[in-house]
Amino acid sequence: MSITKKMVLSNIILLIVPVISLFFIDIVLGYLIIVSLNGSTGTFITLRFISIILVFLLVNVTISWLVSRHIIRPIQMLNEHARKIGEGDLDTPVTVNRNDEIGSLSDSFETMRKNLKTLREKEDAYNRNRQILMAGLSHDLKTPLTSMKGYVNGIADGVADTVEKRHRYTETINQSIERMESMINELFLYSKLDLEEVEFHFSPVQLAPYFSDIVSEYQLDHPEIMIELQGSQHLAVSADREQFYRAVSNIIGNSIKYRGQEPLLIQINIFSKDGFVYIDIKDNGAGIDEHDLPHVFETFYRTDQSRNSTTGGSGLGLAIVKRIIEKHDGEINISSLLNKETVVSIKLPQVML
Ligand SMILES: Nc1ncnc2c1ncn2[C@@H]1O[C@H](COP(=O)(O)OP(=O)(O)OP(=O)(O)O)[C@@H](O)[C@H]1O
Ligand SMILES: [Mg+2]
């Protein structure tokens, strides 16, 4: 029953009970005092007055107690919950099981608590991500810096005493500088994507010719690789051509970097299902261990195999790819079998041209 109805009912009780009691008192007291005890009218009026006051008091106290139990106490409970939420306790659920306005107020409090909790969890994850990013960055910048320091000292101390040696040393220093530069560029891009500072310009993109151009470009640079492109001609998505290219070339770049058996075969398959377009990029490369697989989209995550190889990158590539695909309202997944194959699958909303 709603609070309004309860208040109306209590007011009716406050009126009806004393009126009925008045009749009852008149009849019972009148009979007792005047008929049975032969008492005076004065006594009857005095007792009648006292009885009416007592009935009024009794009804009032009872109604006040009921109102306090049903309305004031739940409000005090809500107040207590609000205080706890204010102090940062977002784990205690707000439960006032009622079917009235207080119940719906309690439901709103509970929704607010859950939303605040989700926000706080997101913020915590964000901060954790930042810390991992910072730790990864300092660790990964240290390696080329240490190597550079060693080679610069080698030149300064005269260890590199021939032209050939000096040339080799400067070559290595250059490589370290390039590695740091590309890492900083990737990190800069990742931070900008993270802060939503990268502008995306979406337009309908027909996937068959788009991928055909990418394949031709890669075949030109890497004639030893086999790249197969399959899929329907007419499928299109809404994409930022430049950012989407960045994502795709990161994935194909990984297939080339982490190749296993030769010759390397990359198969790109484009198809649609239930209003979505799927782009599967599969290679027959080194594959990824099942323990590493859930982490490859994390910043700075590299498998041991990548860390030990000279081709290994900074581990930001797939984190960037994921952000870019998510900006396209899409999803990205990866599956792999070690020493056999890796499939990166992109799912995007289909658009009709
Ligand atoms: N096609 C693949 N085959 C085998 N391993 C892969 C493949 N793609 C990704 N990986 C593994 O996942 C890790 C993360 O990939 P990611 O692209 O994020 O980083 P990266 O290539 O090491 O560095 P970056 O792309 O920043 O230069 C890689 O280090 C590699 O170990
Ligand atoms: Mg990469």
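Chains are numbered independently. Their residues run from 1 in the order of the written sequence. Going through the entries in the order they are written, you letter the chains from A and number the ligands from 1. In keeping with the predicted nature of the model, local features appear solely for residues at pLDDT of at least 70, side-chain atom pairs appear and are counted solely at 80 or more, and the whole-chain, interface and lining totals rest on all residues. Side-chain numbers here rest on the full set of heavy atoms in the structure, without hydrogens or water.

S.K.: Tell me what's going on with the overall build of the protein chain, and back it up with residues and numbers.
M.R.: Secondary structure summary: the protein chain contains 8 helices and 7 strands in total. Relative to the 2.2 N^0.38 estimate, which gives 20 Å for 353 residues, the radius of gyration of the protein chain is 39 Å and therefore markedly larger than a compact globule would have. Here the protein chain holds 353 residues, and 35% of them are scored as buried. Here a residue-residue contact requires only that any non-hydrogen atoms of the pair lie within 4.5 Å. For the protein chain, the share of sequence-separated contacts (at least 6 apart) that also reach a separation of at least 24 residues comes to 67%. Looking at charge distribution, the protein chain has the averaged site of its 35 positive side-chain charges lying 8 Å from that of its 44 negative ones. Counting from the N terminus, the helices are the DSSP runs of H or I reaching at least four residues and the strands are the DSSP runs of E reaching at least two. With C-alpha atoms as the basis for the radius of gyration, the globule rule is written as 2.2 Å multiplied by the number of residues raised to the power 0.38. Each residue is placed in one exposure class: buried if its accessible area under a 1.4 Å probe, protein chains only, is under 20% of its type's maximum, exposed if it is over 50%, and partly exposed if it falls in between. Charge assignment in this entry is limited to Lys and Arg as positive and Asp and Glu as negative, and neither His nor the chain termini are counted. For charged residues, the charge sits on one atom: NZ in Lys, CZ in Arg, CG in Asp, CD in Glu.

S.K.: Explain the site of ligand 1 to me, using residue names and the numbers behind them.
M.R.: Only heavy atoms are used to decide nearness, and a residue is near a molecule or strand if one of them lies within 4 Å of it. Contacts to ligand 1 come from 21 residues, most closely from E186, Y258, T303, G315 and L318. Contacts described as polar in this section are N or O atom pairs within 3.5 Å, which, within protein, must combine one atom able to donate a hydrogen with one able to accept it, while residues neighboring in sequence count only if both atoms come from side chains. In this structure, an oxygen atom belonging to ligand 1 sits 2.7 Å away from a side-chain N or O atom of E186. One nitrogen or oxygen atom from the main chain of G315 is found 2.8 Å from an oxygen atom belonging to ligand 1. Contributions of two or more residues to the shell around ligand 1 are made by α6 (241-257) and α8 (317-327). For the shell around ligand 1, the element with the most residues is α6, which contributes 4 residues.

S.K.: Let's hear about the pattern of salt bridges: which residues, and what values?
M.R.: The working definition used for a salt bridge is a side-chain nitrogen of Lys or Arg within 4 Å of a carboxyl oxygen of Asp or Glu. Inspection of every chain in the model, using the stated rule, returns 14 salt bridges. One salt bridge in this structure joins D91 and K117, with 3.3 Å as the shortest N-O distance. Of this pair, D91 sits in the loop between α2 (41-86) and α3 (101-156) while K117 sits in helix α3; the two residues are 26 residues apart in sequence, bridging distant segments of the chain. With relative accessibility at 27%, the residue K117 sits in the partly exposed group. Ionic pairing is found between E224 and R259, a salt bridge with its closest N-O pair at 3.4 Å.

S.K.: Can you lay out the packing of helix α1 (residues 3-36) against α2 for me, pointing to particular residues and giving the numbers?
M.R.: Contact geometry of α1 with α2 gives a least axis separation of 9 Å together with a crossing angle of 155 degrees. Judged by the inter-axis angle, α1 sits roughly antiparallel to α2. Viewed along their axes, α1 and α2 form a crossing whose handedness is right-handed. Whenever a helix is involved, its axis is fitted only over the stretch in contact; in every case the axis is a line through C-alpha atoms, and angles between N-to-C directions fall within 0 to 180 degrees. By definition in this entry, angles of less than 35 degrees are roughly parallel, angles greater than 145 are roughly antiparallel, angles of 65 to 115 are roughly perpendicular, and the rest are oblique. A crossing counts as left-handed when the near helix is turned anticlockwise from the far one by less than a right angle, and as right-handed when that turn is clockwise.

S.K.: Any chance you could break down the layout of surface pockets for me, citing the residues and the numbers?
M.R.: Both site types are read off a 1 Å grid over the protein atoms alone. A 1.4 Å probe that fits but cannot get out defines a cavity, while an open set with protein on both sides within 12 Å along at least five of seven lines defines a pocket; lining residues have an atom within 4 Å of a point. Grid points are joined across faces, edges and corners, and a volume is the space filled by probe spheres set on the points. Of the pockets and cavities examined, the second largest pocket occupies roughly 590 Å³. Surrounding the second largest pocket, 19 residues form its lining, N129, Y190, F297, K322 and R323 being those nearest its centre. At the level of secondary structure, the elements contributing two or more residues to the lining of the second largest pocket comprise α3, α4 (163-194) and α8. Gly falls in the polar group here, along with every residue not listed as nonpolar (Ala, Val, Leu, Ile, Met, Phe, Trp, Tyr, Cys, Pro) or charged (Asp, Glu, Lys, Arg). Here the residues of the lining of the second largest pocket are counted per class, giving 9 nonpolar, 2 polar and 8 charged. Each domain's extent is set by a domain assignment, obtained either automatically or from a database. Looking at which domains feed residues into the lining of the second largest pocket, each of domain 2 (128-194) and domain 3 (203-351) gives three or more.

S.K.: Requested: an account of unusual backbone geometry, with residues and values cited.
M.R.: Both trends apply: most residues other than glycine have a negative phi, and most peptide bonds are in trans. With a phi angle near 50 degrees, D274 is a residue other than glycine that sits in the positive phi range. Summarising the element assignment, D274 is placed in the loop between β4 (265-273) and β5 (276-283).

S.K.: Provide a residue-level description of α6, including the pertinent values.
M.R.: For a helix, the expected span equals 1.5 Å multiplied by the residue count minus one. Helix length check: α6, at 17 residues, gives a terminal C-alpha distance of 24 Å against a target of 24 Å (1.5 Å per residue), a fit within 8%. With a side-chain oxygen positioned 3.0 Å from the backbone nitrogen of E242, the residue opening α6 is D240.

S.K.: Let's hear about the packing of aromatic side chains: which residues, and what values?
M.R.: The aromatic pairing rule takes the rings of Phe, Tyr and Trp, using the six-membered ring of Trp, and pairs them if the centres are within 6.5 Å, calling planes under 30 degrees apart stacked, those over 60 edge-to-face and the rest tilted. One pass over the full model with this rule turns up 6 aromatic pairs. An angle of 75 degrees between the planes, with centres 5.9 Å apart, marks the rings of Y210 and F211 as edge-to-face. Across the pair, F211 and Y210 agree in class, each one buried. Geometrically, the ring pair formed by F271 and Y278 is stacked, given 5.3 Å between the ring centres and 10 degrees between the ring planes. By relative accessible area, which is 29% here, F271 ends up partly exposed. We count a charge as sitting over a ring when the NZ of a lysine or the CZ of an arginine lies within 6 Å of the ring centre and within 35 degrees of the ring normal. Stacked on the ring of F297, the Lys or Arg K322 has its end atom at 5.8 Å from the ring centre.

S.K.: I'd like to hear about the environment of H167, residue by residue, with values.
M.R.: Tracing the backbone shows H167 in helix α4. It is 23 Å that separates the C-alpha atoms of H167 and L141, two residues lying 26 residues apart in sequence.

S.K.: A description of the nonpolar core should follow, citing residues and the corresponding values.
M.R.: Residues belong to one nonpolar core when they are buried, are Ala, Val, Leu, Ile, Met, Phe, Trp, Tyr or Cys, and are joined through side-chain atoms within 4.5 Å. The biggest cluster of nonpolar side chains holds 55 residues, and the ones touching the most others in it are F211, F244, I252, I266, I268 and I279. The residues that make up this core include at least three from each of domain 2 (128-194) and domain 3 (203-351). Apart from residues lying up to four places away in sequence, F244 is in contact with L207, Y210, F211, A239, I279, I324, I325, H328 and L348. Listed in part, the 9 residues of the second largest apolar core include I71, L90, V96 and F109.

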